[in-house]
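An overview of the molecular structure
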Amino acid sequence: MLGDWLQGPYVYALYEKYGYSPAQIGQLFIAGFGSSMIVGTFVGALADKMGRRTAGLAYAAIYSLSCVTKHSPNFGVLMVGRVLGGIATSLLYSAFESWLVAEHFKQGFSEQALGQTFSRAVFLGNGLMAIFAGFFGDFLVEKMQLGRVAPFDAAIVFMVAGGAVMIATWGENYGDKGSKNIGQQFSRAWNAIVSDPAIELLDPAIALLDPAIALLGGMQSLFEASIPRNPAIALLGGMQSLFEASMYSFVFLWTMAMSPNKEAIKHGLIFVNFMTACMAGSFLAGVLMKRSRPEKFMKGVYFVAAAAMVVPMALSVNPVKDPSLKGQPITLQGKLQLLAFCVFEVCVGIFWPSMMSMRAAYVPEELRATIINIFRIPLNAFVCIVLGNVEAVEAVPLWCMFGLCVAFLGISFACQMRLDAMHPHGYHRTASTDDDISEEGKAGAVTSH
């Protein structure tokens, strides 16, 4: 995560230094999210068949190559780097979690202990490492005067170090050994997701994709699978996609919301505030999971997150337009929005370990990486649409964009309500090893009580 966080603040700035226009930079970003949505989804799913440790090493190698391309100002080379970065991101968000869950239960640890592990991982990876990366990147670029490419070189060092640790200390674990090819693997994963009668109304439309999917593996039917269907998986996927869409929208919007008159806001300090709030949320998630189940308390988290987004939505309806405020310190309205955004970041910190814990319980072990990558398809598509229509999006009033975030979070709240109603006493995964998974993938990865 440190290698990933080091790059974030400097990607746009580096492309800008190379002389590319905002439209060209937008194309590069679309390439990254698009490759994560299309190529990365399939590459990430290979983690279940080829091994999660192997996929983790592939992440380190692919992301390092992506960083190397940043030394070239050539647009084609940078485009290749973005494609590689998108593929690596898919591996980052699926392979490591899948390896951890399998290894955790293989060692005989409890479900509650897994939640605590996720809480600490988010605290360190999404919080502490992000703050350290911000300071370290600034030190390399501003203090050492090494240029905007220096953080990418530092990221390579951390990637190689992480790969060495994996080689030295990690064992391998696998997911789906029963599928004969990647097409059949996606068929089984999709069958596990699409089980809610409301979702099955889409079957005729999905059937149109049969010929294309058949090219991937020669399977005869989209829904030939041996994994029991579980509507909870679809609900989890919906909540993840909607919450992440709100989160990415917030990332795009917060600067415009807090400085409508180009006030001189301190971006670095605000970023530290956001990451500190996120760390507080991840710590709070660990406390909450000791006392309750995520299915219970996440309803409140979505509600609070939606309430936090109502603040910038309301303040953006009739924003104060005063040219004299340009370059001035942050206004009272800006401070109120900063407070609301920090509350939202606390919810983000709670969301990640809680969602990981619920995925560990509901998502079949043998298809974990595949399903996690399918969950990310709507998000990547959403970001590509936004980046591809920046002018149209900028024409939409800010309050409408925040209103969309509120709607997404409200739907997430409704999905969580339904999930809790379906399993009021919890949903527990039975511990299993790789050997427990039969050739047909029927071994009990999850059981309901």
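Look a little higher up for the structure.
Figured I'd write up the structure that's included with this text. Just so you know, these numbers come straight off a predicted model, no measurement behind them.

It is worth spelling out the nonpolar core at this point. Core analysis: the biggest nonpolar cluster contains 99 residues, and Phe-274, Phe-341, Phe-344 and Ile-371 have the highest contact counts within it. For this core, the element with the most residues is helix α14 (residues 231–258), which contributes 16 residues. Once residues within four sequence positions are removed from consideration, Phe-274 is found in contact with Phe-250, Trp-254, Leu-338, Phe-341, Cys-342 and Glu-345. Of all hydrophobic cores here, the second largest spans 13 residues; its members include Tyr-59, Ala-60, Tyr-63 and Ala-369.

The periodicity of an α-helix, 3.6 residues per turn, causes residues three or four places apart in sequence to face the same way. Over its 31 residues, helix α17 (residues 332–362) extends 44 Å from the first C-alpha to the last, a length consistent with the 45 Å expected when each residue adds 1.5 Å. For α17, the tally of buried residues reaches 24 of 31 residues, placing the bulk of the element in the interior.

Before going further, it helps to examine the side chain of Ser-98. Looking at the element boundaries, Ser-98 is found in helix α7 (residues 95–106). In this structure, Ser-98 is in contact with Arg-52, Asn-173, Glu-365, Arg-368, Ala-369 and Ile-372, ignoring residues within four places of it in sequence.

It is worth spelling out unusual backbone geometry at this point. The phi dihedral of Gln-145 falls on the positive side, at around 55 degrees, and the residue is not glycine. If you trace the backbone, Gln-145 turns up in the loop between α8 (111–143) and α9 (150–169). You can call Gln-145 exposed: its relative accessible area is 60%.

So, on to the packing of aromatic side chains. This model, assessed by the stated rule, comprises 24 aromatic pairs. Look at Phe-243 and Phe-344: their rings are 5.8 Å apart centre to centre, the planes differ by 15 degrees, and that puts the pair in the stacked class. Residue Phe-243 is found in helix α14, and its partner Phe-344 is found in helix α17; the two are separated by 101 residues along the sequence. Taken together, the ring pairs connect Tyr-93, Phe-243, Phe-250, Trp-254, Phe-274, Tyr-302, Phe-341, Phe-344, Phe-351, Trp-352 and Phe-402 into an aromatic cluster. The ring centre of Phe-29 lies 4.6 Å from the NZ or CZ of Arg-82, which sits over that ring. Of note, Arg-376 hangs over the ring of Tyr-93, and the distance from its end group to the ring centre comes to 4.4 Å.

What follows concerns the packing of helix α5 (residues 52–68) against α9. Taken N-terminus to C-terminus, the directions of α5 and α9 make an angle of 165 degrees; their axes are 9 Å apart at the nearest point. The pairing of α5 with α9 is recorded here as roughly antiparallel in orientation. For the element pair α5 and α9, the recorded crossing hand is left-handed. Contact residues: α5 offers Arg-53, Gly-56, Leu-57, Tyr-59, Ala-60, Tyr-63, Ser-64, Cys-67 and Val-68, while α9 offers Phe-152, Ala-155, Ile-156, Met-159, Gly-163, Met-166 and Ile-167. The class makeup of the residues in the contact of α5 with α9 is twelve nonpolar, three polar and one charged.

About the thresholds
- Residues numbered from 1 in each chain as written.
- Predicted model: local features only at pLDDT ≥ 70, side-chain atom pairs only at ≥ 80, totals over all residues.
- Heavy atoms only, no water.
- Core = buried A, V, L, I, M, F, W, Y, C linked by side-chain atoms within 4.5 Å.
- Buried < 20%, exposed > 50% of the residue type's maximum accessible area, 1.4 Å probe, protein only.
- Helix = DSSP H or I, 4+ residues; strand = E, 2+ residues; numbered from the N terminus.
- Contact = heavy atoms within 4.5 Å.
- Expected span 1.5 Å × (residues − 1).
- Phe/Tyr/Trp six-rings, centres within 6.5 Å; stacked < 30°, edge-to-face > 60°.
- Lys NZ or Arg CZ within 6 Å of the ring centre and 35° of its normal.
- Axes fitted to C-alpha atoms, helices over the stretch in contact; angles between N-to-C directions.
- Parallel < 35°, antiparallel > 145°, perpendicular 65-115°, else oblique.
- Left-handed = near helix turned anticlockwise from the far one by under 90°.
- Nonpolar A, V, L, I, M, F, W, Y, C, P; charged D, E, K, R; others polar.

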